[in-house]
Amino acid sequence: MDYETILKDYIGEFGRFQKITAFCMAVIATPMGFHSLAMAFLAAVPEHHCRLNDVLLPDENSTFWAAYLRRMNGSAPLELDANGEWKYSRCEQFNLTNALSAATDNRTLQHCTDGWVYDRSHYGTSIVAEFDLVCDRAWMREIAHAIFMLGFSFGGIVSGVLSDRFGRRPTLLWCILLQLIFGVASAFSPNYVTFVFTRFFLGVLNVGIYFSAFVLGTEILDQSRRTMFGLSMALFLVLGYIGLGVAAYVIRDWWKLQLAISAPFVVFLSYYWLAPESPRWLMASGKVEETKTTIKRAARMNGVVIPDKVYDLINGNITSDQNTQSTEITGRRLYSILDLVRTPTMRKNTLITAFTWFAINAIYFGLSLGAPELPGDPYLNFILGSCSEIISILLAWSTMDRWGRKPPIIASLILAGVSCGATAAVPKDLWQVSTGLAIVGRFGVSVTYSILPVYSAEVFPTVVRNMGIGTVSMLARAGGILAPFVALLGKYWAPLPLLTFGVLSFLNGVAILALPETLGVPLPNTLEDAENLKSTKDKPIETTPVGKSEETPKMAVIVDRVTTI
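Remember, predicted model here, so these are calculated numbers, not experimental data.

Digging into the overall build of the protein chain
Assigned secondary structure in the protein chain consists of 24 helices and six strands. Counting across all 565 residues of the protein chain, residues that qualify as buried make up 52%.

Some thoughts on the side chain of Arg199
Residue placement: Arg199 occurs in helix α9 (residues 192-220). An unpaired buried charge is present at Arg199: no salt bridge exists, and Glu142, the closest side chain of opposite charge, is 12 Å distant. Apart from the residues lying within four places of it in its own chain, the contact partners of Arg199 are His35, Ala38, Met39, Leu42, Phe148, Ser186 and Gln258.

Remarks on the packing of helix α2 (residues 16-27) against helix α15 (residues 288-302)
Close contact between α2 and α15 brings their axes to 7 Å; oriented N to C, the two are set at 105 degrees. Taken together, the axes of α2 and α15 are roughly perpendicular relative to one another. Each of Arg16, Phe17, Gln18 and Ile20 in α2 lies in contact with α15, whose residues at this interface are Ala298, Met301 and Asn302. Grouping the constituent residues of the contact of α2 with α15 by class yields four nonpolar, two polar and one charged.

Focus on the environment of Leu496
You can see Leu496 is positioned in helix α22 (residues 496-512). Since its relative accessible area comes to 23%, Leu496 is described here as partly exposed. Sequence separation between Leu496 and Ala424 is 72 residues, and the spatial gap between their C-alpha atoms is 7.4 Å.

Re the state of the cysteines
A full pass over the atoms with the stated rule returns two disulfides. In this model, Cys91 is linked to Cys135 through a disulfide, with the two sulfur atoms separated by 2.0 Å. The sign of the S-S torsion, about -95 degrees, decides the handedness of the disulfide formed by Cys91 and Cys135: left-handed. Residue Cys91 is found in the loop between β3 (86-88) and β4 (92-96), and its partner Cys135 is found in the loop between α6 (127-130) and α7 (139-166); the two are separated by 44 residues along the sequence. With relative accessibility at 24%, the residue Cys91 sits in the partly exposed group. Each disulfide of the protein chain joins two cysteines, and with those cysteines numbered along the sequence the arrangement is 1-3, 2-4.

Quick word on α7
With 28 residues, α7 extends 40 Å from end C-alpha to end C-alpha; this agrees with the ideal 40 Å at 1.5 Å per step. Approximately 25 degrees is the largest bend angle found in α7, and it occurs at Gly155. Trailing α7 by a residue or two, Gly167 shows a phi angle of about 115 degrees, which is positive.

Details of the packing of aromatic side chains
Inspection of every chain in the model, using the stated rule, returns 19 aromatic pairs. An angle of 80 degrees between the planes, with centres 6.1 Å apart, marks the rings of Phe23 and Phe236 as edge-to-face. Placement of the pair is Phe23 in helix α2 and Phe236 in helix α10 (residues 226-250), with a sequence separation of 213 residues. Judged by centre distance (5.6 Å) and plane angle (90 degrees), the rings of Phe195 and Trp254 are edge-to-face. Of this pair, Phe195 sits in helix α9 while Trp254 sits in helix α11 (residues 254-262), placing them 59 residues apart in sequence. Residue Phe195 is classed as buried on the basis of its relative accessible area, which comes to 0%. In textbook terms, an aromatic cluster arises when at least three aromatic residues are bridged by ring pairs, as seen for Phe41, Tyr123, Tyr249, Tyr379 and Phe382. One residue, Arg169, lies across the ring of Tyr272, its end atom 5.3 Å from the ring centre. The residue whose ring lies beneath Arg252 is Tyr249, and the NZ or CZ to ring-centre distance is 4.9 Å.

Focus on a nonpolar patch on the surface
On the surface, a cluster of nonpolar side chains totalling about 580 Å² of accessible area is made up of Ile414, Val418, Val503, Phe506, Leu507, Val510 and Leu513. Those elements that place two or more of their residues in the nonpolar patch are α19 (406-422) and α22. It is α22 that contributes the most residues to the nonpolar patch, four residues altogether. Position of Ile414 relative to the elements: it lies in helix α19.

Topic: the packing of α2 against helix α3 (residues 29-36)
Following both chains from N to C, one finds α2 and α3 inclined at 10 degrees, their axes separated by 5 Å at the closest point. Here α3 runs roughly parallel to α2, going by the angle between their axes. Within the contact between the two elements, α2 uses Met25, Ala26 and Val27 and α3 uses Ala29, Thr30 and Pro31.

Quick look at the confidence of the model for the protein chain
Mean pLDDT for the protein chain: 79, with 82% of residues reaching 70 or above. Ignoring residues within four places in sequence, the model shows residues 99-103, a span with pLDDT below 50, making four contacts including any to other chains.

Remarks on unusual backbone geometry
Backbone geometry places Asp132, a non-glycine residue, at a positive phi of 55 degrees. Within the fold, Asp132 resides in the loop between α6 and α7. Using a relative accessible area of 24% as the deciding quantity, one classes Asp132 as partly exposed. Positive phi, close to 55 degrees, is recorded for Cys135, a residue that is not glycine.

A look at the environment of Val250
Relative to the elements of secondary structure, Val250 occurs in helix α10. In sequence terms Val250 and Tyr379 are 129 residues apart; their C-alpha atoms lie 9.8 Å from each other.

Scoring rules and cut-offs
Residues numbered from 1 in each chain as written. Predicted model: local features only at pLDDT ≥ 70, side-chain atom pairs only at ≥ 80, totals over all residues. Heavy atoms only, no water. Helix = DSSP H or I, 4+ residues; strand = E, 2+ residues; numbered from the N terminus. Buried < 20%, exposed > 50% of the residue type's maximum accessible area, 1.4 Å probe, protein only. Lys, Arg positive; Asp, Glu negative; His and termini not counted. Salt bridge = Lys/Arg side-chain N within 4 Å of Asp/Glu carboxyl O. Contact = heavy atoms within 4.5 Å. Axes fitted to C-alpha atoms, helices over the stretch in contact; angles between N-to-C directions. Parallel < 35°, antiparallel > 145°, perpendicular 65-115°, else oblique. Nonpolar A, V, L, I, M, F, W, Y, C, P; charged D, E, K, R; others polar. Disulfide = S-S within 2.5 Å. Expected span 1.5 Å × (residues − 1). Bend = angle between axes of the 7 residues up to and from the residue. Phe/Tyr/Trp six-rings, centres within 6.5 Å; stacked < 30°, edge-to-face > 60°. Lys NZ or Arg CZ within 6 Å of the ring centre and 35° of its normal. Patch = residues over 30% accessible without salt bridge, like charges linked within 9 Å, V, L, I, M, F, W, Y side chains within 5 Å. Areas by Shrake-Rupley, 256 points an atom, 1.4 Å probe, with all protein chains shown as cover. pLDDT = per-residue confidence, 0-100.

Shown next, in the form of structure tokens:
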């Protein structure tokens, strides 16, 4: 007797036990959203100039900053910024050889010798101002974000191994506790190295919580409600983005903001009492008594009584499964990563899918983290961009099963490419148009970001599906790591980062044309099936059986919104 039968015939498919558990697992995605894009505000770059050693610095505010800019006259050179405007240099000052001589012949340029002064009227404080991550140290800001993304990659591997070995519940609980500890520790980082160190572990733990909660939630539910659970988790994640923007607007000091986004994990410590272990994992791991305890708890919460004979059947089923596991895979061929590129169609599909994952993650996180740097109010830009993701998720969900996978992906990528690319032609005085186009670009990329995991799972055959998804996921994380460095191109020409994302998105949309449509097509099982994959306009392929038949995991639409970076 398997868990699906117990759900349907005894416990109930969606009782109080499942509702409470699913809600608890979905709502924890909200603080995941806080931390995923927190660097947009923790590492905000305020206006700055060289510190003049003869100026006493009060608590920097807008009045002081205006006076300080007037004092810069004669102390720093004028230079063209990325927008083509003349402004005082941010990184150089005059070396006055004869005190305050007015003769420019007596002045030579030098780097900021006494540090920098920051305009704190807008952002308050950030790690950029705290640790002077500007000018020749600006690359250290991007490194901090890249290391956080590396933590995501490492956490995806480690949390999966721990979850399969020790269970979903203990992995989730330990990650919540450690996330709270490292989140608070990060707020009190005395230097840059400590901050980066804690951010790495926050990345590891962030994805560990998301993975464990997602798997636990899907394994508690029956198949018909997993799609809605995945959608709910994605929406809670976006609510976290929106909440981050609101919190950053209210709390302008980076260390206070870090404490604020870490504080919710105190509430989630209650999962020690609320979160059950996955009955599916318990049964698969041969834990008979723990399985019975969890099922009794579910029955009690759902108000049903399960006959004793059911528990006897569970005991017999687990024992039988353990006896047959060792002989089930005998005689099967072993596949390697080379099988992803061994044949022409597989090679084409793998390369295009890998390029798409890499590009989409670079564009998505580049636009998301760069939202505060767009013209206009940085907090409003970030919140509006996050709100557009809610619409994109719902749009992707409603179109992918009606029009297919390719049409909405291609249309959204071309929309994103044209929108981002068009910002280069917008005059700088029409900054509202430029910001609006960037938000539209983020919306387009978000649509693809929602559909791509499902589409990829349908392109790769069963025998190498996990291997294929794992390979393209690693490339996706590389795109997320490189994304913040594209922003550095803006120092040469302000629209260049958005133009880069636009071109990349447009090329991506064109490349997708070469992939097959998979809507209504049986999942390919073997490499031969993948070679003969055709759209529903043609005769469906005859798939070669490999074990039990599979269905496309629609909830995978959501998983990689955080984890595949």
